[in-house]
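Now for the letters of each chain:
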Amino acid sequence: MKIAVLPGDGIGPEIVAQAVKILHALRSDGLKIELEQAHIGGAAYDAAGDPLPDATLKLAQQSDAVLLGAVGGYQYDTLPRAMRPEQGLLRIRKGLGLFANLRPAMVYPELVHASSLKPELVSGLDVMILRELTGDIYFGQPRGMRKLENGERQGFDTMLYSESEIRRVAHVGFQIAMKRAGLNGMAKVCSVDKANVLDTSMLWREIVTEVGSEYPQVVLSHMYVDNAAMQLVRAPKQFDVIVTGNIFGDILSDEASMLTGSIGMLPSASLDANNKGLYEPCHGSAPDIAGKNIANPLATILSVAMMMRYTFTREDVAQRIEAAVRTTLQRGLRTADIVEAGMKTIGTDMMGDAVVQAL
Ligand code: NAD
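Residues numbered from 1 in each chain as written. Predicted model: local features only at pLDDT ≥ 70, side-chain atom pairs only at ≥ 80, totals over all residues. Heavy atoms only, no water.

For the overall build of the protein chain, give the residues involved together with the corresponding values.
What the protein chain contains, in helices and strands, is 12 helices and 14 strands. Over its C-alpha trace the protein chain gives a radius of gyration of 20 Å, about what one expects of a compact globule, namely 21 Å for 359 residues. Of all 359 residues assigned to the protein chain, the portion counted as buried reaches 53%. Sequence-distant contacts in the protein chain: of pairs separated by 6 or more residues, those separated by 24 or more amount to 74%. Total accessible area on the protein chain stands at roughly 15700 Å², and carbon and sulfur atoms take up 53% of it. Distance between charge centroids for the protein chain: 2 Å, based on 35 positive and 41 negative side chains. (Helix = DSSP H or I, 4+ residues; strand = E, 2+ residues; numbered from the N terminus. Rg over C-alpha atoms; globule rule 2.2 N^0.38 Å. Buried < 20%, exposed > 50% of the residue type's maximum accessible area, 1.4 Å probe, protein only. Contact = heavy atoms within 4.5 Å. Areas by Shrake-Rupley, 256 points an atom, 1.4 Å probe, with all protein chains shown as cover. Lys, Arg positive; Asp, Glu negative; His and termini not counted. Charge placed at Lys NZ, Arg CZ, Asp CG, Glu CD.)

Okay, here's the thing in structure tokens:
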């Protein structure tokens, strides 16, 4: 398992250090893990004048998986756009051909009160949002601003998806549903679009239906995005895997992550066509708490679990890591962002140690 480790900025180095402890523990247990570290984001700009130096991209390309912390910081906000830390992230996703973004929204029984929804709506929630990451209106051409005859300016973007782009992400969705069904019993995919208004969505629905016929064991449904946004806060447990395009997925995955109430708990994966992946927490670099040893490292640790599941197909190891996180929570240990009355607040470092101990 050759893993590129890119801590990045802000709390990135602190939380990634805890995930690396887990990898070291697994290595002493016999897994053949090779780690190599490199800069990305603001840290890379400081070190090499580029948020994604060639050496970092090369290392990522030569690795089986990438573990990333987060990028960004106030001190970089005035740089020209091409030099901003976030460009490092966009470029590495593109450079690795990562088109499938997986964001689970999961509520641990111990954290059910952190959600803004009523406990009965979210307890046991386990939804996977699969967002297409490289197409759609974010990348479609033409786009720009033009002057109309009356002198007024007009902004425009183009929403587009080709059949092959839809097909490959749909396959990922059905395969994930089947993998999860092994755990949860029933395989369900809900494809989200706006087929009542958009031609792009009509094609999306047609192709997803076609791909779905290759997976008779998965129950496929379709939902318009406006309804999906509503259903996610009305009855989120009706969903298993949601498959959707880039812009709808961007919005719905943020909405779903908030159902859990704890941004420090949410991992993510971005996969290419061969299940090579980049794994990172959903949150950003949290410059407001960087360097204070108070950030929650669990989202990053759970990203390692996803890495074991999706890139290395080691479901057993993924489950061990997830169980270790659950044990740690059951012991009443919490970082400041998820603490409740009667619980013990511990720092980033101690949380990493506690999970290693539970593992
Ligand atoms: P953020 O996710 O960094 O922080 C939002 C809030 O959540 C902050 O109050 C922060 O302290 C808290 N928080 C985040 N992660 C936490 C953790 N693990 N434990 C405890 N609390 C945590 O979002 P933001 O403040 O909007 O952005 C800060 C910087 O991060 C910006 O430069 C932004 O561009 C960047 N960013 C990077 C990524 C990424 O690297 N994938 C994603 C989002 C934002």
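Report on the nonpolar core, specifying residues and quantitative values.
One finds Leu-102, Met-308 and Ile-321 to be the most contacted residues of the largest nonpolar core, which totals 64 residues. The element that contributes the greatest number of residues to this core is helix α10 (residues 298-310), accounting for nine residues. When residues of this core are assigned to domains, at least three map to each of domain 1 (1-105 + 265-359) and domain 2 (116-260). Excluding its chain neighbours within four sequence positions, the residues that come into contact with Met-308 are Met-1, Leu-23, Leu-26, Leu-31, Ile-33, Thr-313, Arg-314, Glu-315, Val-317, Ala-318 and Ile-321. Judged by nonpolar contacts, the second largest core, of 20 residues, contains Val-107, Ile-129, Cys-190 and Val-192. (Core = buried A, V, L, I, M, F, W, Y, C linked by side-chain atoms within 4.5 Å. Domains from an automatic or database assignment.)

Quick rundown of the site of the ligand? Include the residues and the values.
Residues in contact with the ligand amount to 19 residues; listed here are only the nearest, Val-71, Glu-86, Gly-284, Ala-286 and Asn-296. Residue Ala-286 places a main-chain N or O atom 2.8 Å away from an oxygen atom belonging to the ligand. For the ligand, the protein covers 67% of the area, taking 810 Å² as the surface of the free molecule. (Near = heavy atom within 4 Å. Polar contact = N/O pair within 3.5 Å; in protein donor to acceptor, adjacent residues only side chain to side chain.)

Give me the domain arrangement of the protein chain: which residues, what numbers.
When its domains are assigned, the protein chain resolves into domain 1 (1-105 + 265-359) and domain 2 (116-260). Here the C-alpha centroids of domain 1 and domain 2 sit 25 Å apart. The interface is formed by 17 residues belonging to domain 1 together with 21 residues belonging to domain 2. Note on domain 1 versus domain 2: buried area summed over both sides is about 1700 Å², and carbon and sulfur give 63% of it. When the area that domain 1 buries against domain 2 is broken down by residue, the three leading residues are Phe-99, Arg-103 and Ala-105, summing to 43%. Scanning the region where domain 1 abuts domain 2 turns up one salt bridge. (Buried area = accessible area lost by both parts, 1.4 Å probe. Salt bridge = Lys/Arg side-chain N within 4 Å of Asp/Glu carboxyl O.)

Which residues make up the pattern of salt bridges, and what are the values?
A side chain of one charge can pair with a side chain of the opposite charge when the charged atoms of the two come close. As enumerated under the stated definition, the model contains 17 salt bridges in all. For Arg-309, the salt bridge goes to Glu-315, with nearest N and O atoms at 2.8 Å. Exposure remark for Arg-309: the relative accessible area of 10% places this residue in the buried category. Ionic pairing is found between Arg-314 and Asp-316, a salt bridge with its closest N-O pair at 2.8 Å. Take Arg-314: its relative accessible area is 30%, and that puts it in the partly exposed class. Judged by relative accessible area, which is 42%, Asp-316 ranks as partly exposed.

So, the packing of aromatic side chains: which residues are in play, and what are the values?
Under the definition given, this model contains two aromatic pairs. A cation over a ring is seen here: Arg-146 above Phe-156, with NZ or CZ 3.9 Å from the ring centre. Just above the ring of Phe-99 sits the side chain of Arg-168; from NZ or CZ to the centre is 4.0 Å. (Phe/Tyr/Trp six-rings, centres within 6.5 Å; stacked < 30°, edge-to-face > 60°. Lys NZ or Arg CZ within 6 Å of the ring centre and 35° of its normal.)

Break down helix α4 (residues 85-95) for me, citing the residues and quoting the values.
Along α4, the positions that sit buried rather than exposed are Pro-85, Gln-87, Gly-88, Leu-89 and Ile-92. After α4 finishes, the residue Gly-97 shows a positive phi value of roughly 65 degrees.

How would you summarise the sheet that holds strand β4 (residues 100-106) if you had to cite specific residues and measurements?
In a beta sheet, neighbouring strands are held together by backbone hydrogen bonds and run either parallel or antiparallel to one another. In spatial order, the strands read β2-β1-β3-β12-β11-β4-β5-β10-β8-β9; together these 10 strands make up an open sheet with mixed pairing. If you trace the sheet from one side to the other, it starts and ends with β2 (34-37) and β9 (219-224), each paired once. Each strand of the sheet is rotated relative to its neighbour by a mean of 20 degrees, with strand direction disregarded. Sheet topology places β4 next to strand β11 (residues 267-271); three bridges connect them, and they run antiparallel. Note on β11: the bridge partner recorded for Ala-100 is Leu-271. Against the sheet, helix α9 (residues 246-260) touches β4, β5 (126-132), β8 (188-193) and β10 (241-244), its axis set at about 155 degrees to β5. (Pairing = 2+ DSSP bridges. Axes fitted to C-alpha atoms, helices over the stretch in contact; angles between N-to-C directions.)

I'd like a rundown of the pairing of strand β1 (residues 2-8), residues and numbers included.
With six of seven residues buried, β1 is to be regarded as a mostly interior element. In the sheet, β1 pairs with β2 via four bridges, with the strands oriented parallel. Counterpart to Ala-4 in the pairing with β2 is Glu-36. Following the chain from β1 across helix α1 (residues 12-28) to the adjacent parallel β2, one finds a crossover that is right-handed. (Right-handed = clockwise from strand over helix to strand, strands pointing away.)

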